[in-house]
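Each chain, written out:
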Amino acid sequence: MKLNSEIQIIGTKIILVPYRKKHVEKYHDWMESEELRKQTASERLSLEEEYEMQQTWLNDEEKCTFIVLDKKLMEESNNEIVSMIGDANLYIRKDGENVIGEIGLMIAEPSFRSCGRGSEAALFILRYGVENIGVNKYLAVISSDNKTSINLFGKFNFVKENESEVFQEVTLSRKVDSEWSSWLRTQTQSYTIEPTEPNF
């Protein structure tokens, strides 16, 4: 999505930056993990296919993706590749008056899980979707055995919409209303959008 291609979102623990060519090789290394592919319902791609996919995400106005950087690592190294720990995505579609955002979140580096990075990244992309894309309903489609993610979105006031035994997935949803939007802003007080250099 070109909308987020020249901005970064800075928080307390993480920075969200646009997914760019320079990130692809490390992202591809992550996705060689069968566990990560299962948790994210992703297919295994060649490195060349991953570069093509990065360009697809950049140019498709229904796909918004950010790479999650650890803020401390970034401050120490000034190197986005070294600081990469995961990604956060929105798949956008319209259904009548609803602008639906299906959220995807992955903290690929095990040492950065369960320490608040994933939670902050998810809250940031949820807020970005509401304020910059106009999302008014969210979906989170999660592997049934991924209890950590199911619990995380439960804390964000998502509720179970349906469950598929065939695909072993549960779909959680959240309607965006003024009360929830206000709650989201209180949870993201460190949220700051800044420009970043164009580099696709």
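Residues numbered from 1 in each chain as written. Predicted model: local features only at pLDDT ≥ 70, side-chain atom pairs only at ≥ 80, totals over all residues. Heavy atoms only, no water.

Trainee: How would you explain helix H3 (residues 47–59) if you had to name every residue and give the values?
Mentor: Compared with the 18 Å implied by 1.5 Å per residue over 13 residues, the 19 Å span of H3 between its first and last C-alpha is a close match. Within the sequence span of H3, burial applies to Glu50, Gln54, Trp57 and Leu58. Along H3, the residues classed as buried sweep out an arc of 100° about the axis, all on the same side. If you follow the buried residues of H3, they end up packed against helix H1 (24–30), strand E3 (63–70) and strand E4 (84–95). (Helix = DSSP H or I, 4+ residues; strand = E, 2+ residues; numbered from the N terminus. Expected span 1.5 Å × (residues − 1). Buried < 20%, exposed > 50% of the residue type's maximum accessible area, 1.4 Å probe, protein only. Arc of directions from axis to C-beta. Contact = heavy atoms within 4.5 Å.)

Trainee: I'd like to hear about the pattern of salt bridges, residue by residue, with values.
Mentor: For the coordinates displayed, the defined rule picks out eight salt bridges. In this structure, Lys160 and Glu163 form a salt bridge, with 3.1 Å as the shortest nitrogen-oxygen distance. Close ionic contact of Asp177 with Arg174 constitutes a salt bridge, the shortest N to O distance being 3.3 Å. Residue class for Asp177 comes out partly exposed when judged on its relative accessible area of 34%. What makes Arg174 buried here is its relative accessible area of 18%. (Salt bridge = Lys/Arg side-chain N within 4 Å of Asp/Glu carboxyl O.)

Trainee: Go over the nonpolar core, please, and point to the residues and values.
Mentor: Nonpolar side chains tend to gather and get buried jointly when the protein is soluble and globular. Counting residues in each nonpolar core, the largest one holds 38 residues, and the members touching the most others are Tyr138, Phe153 and Phe158. Here this core gets eight residues from one element, more than from any other, and that element is helix H6 (residues 117–133). Ignoring anything within four residues of it in the chain, the contact list for Phe158 reads Leu126, Tyr138, Leu139, Ala140, Phe153, Leu172, Ser173, Arg174 and Trp180. (Core = buried A, V, L, I, M, F, W, Y, C linked by side-chain atoms within 4.5 Å.)

Trainee: Run through the side chain of Thr188, naming residues and quoting values.
Mentor: Along the chain, the position of Thr188 falls in the loop between helix H8 (178–187) and strand E9 (192–195). Within the structure, Thr188 has its side chain in polar contact with the side chain of Arg127 (distance 2.9 Å). Ignoring sequence-local partners within four residues, the contact set of Thr188 consists of Leu123, Phe124 and Arg127. (Polar contact = N/O pair within 3.5 Å; in protein donor to acceptor, adjacent residues only side chain to side chain.)

Shape is all these values report; function is a separate question.
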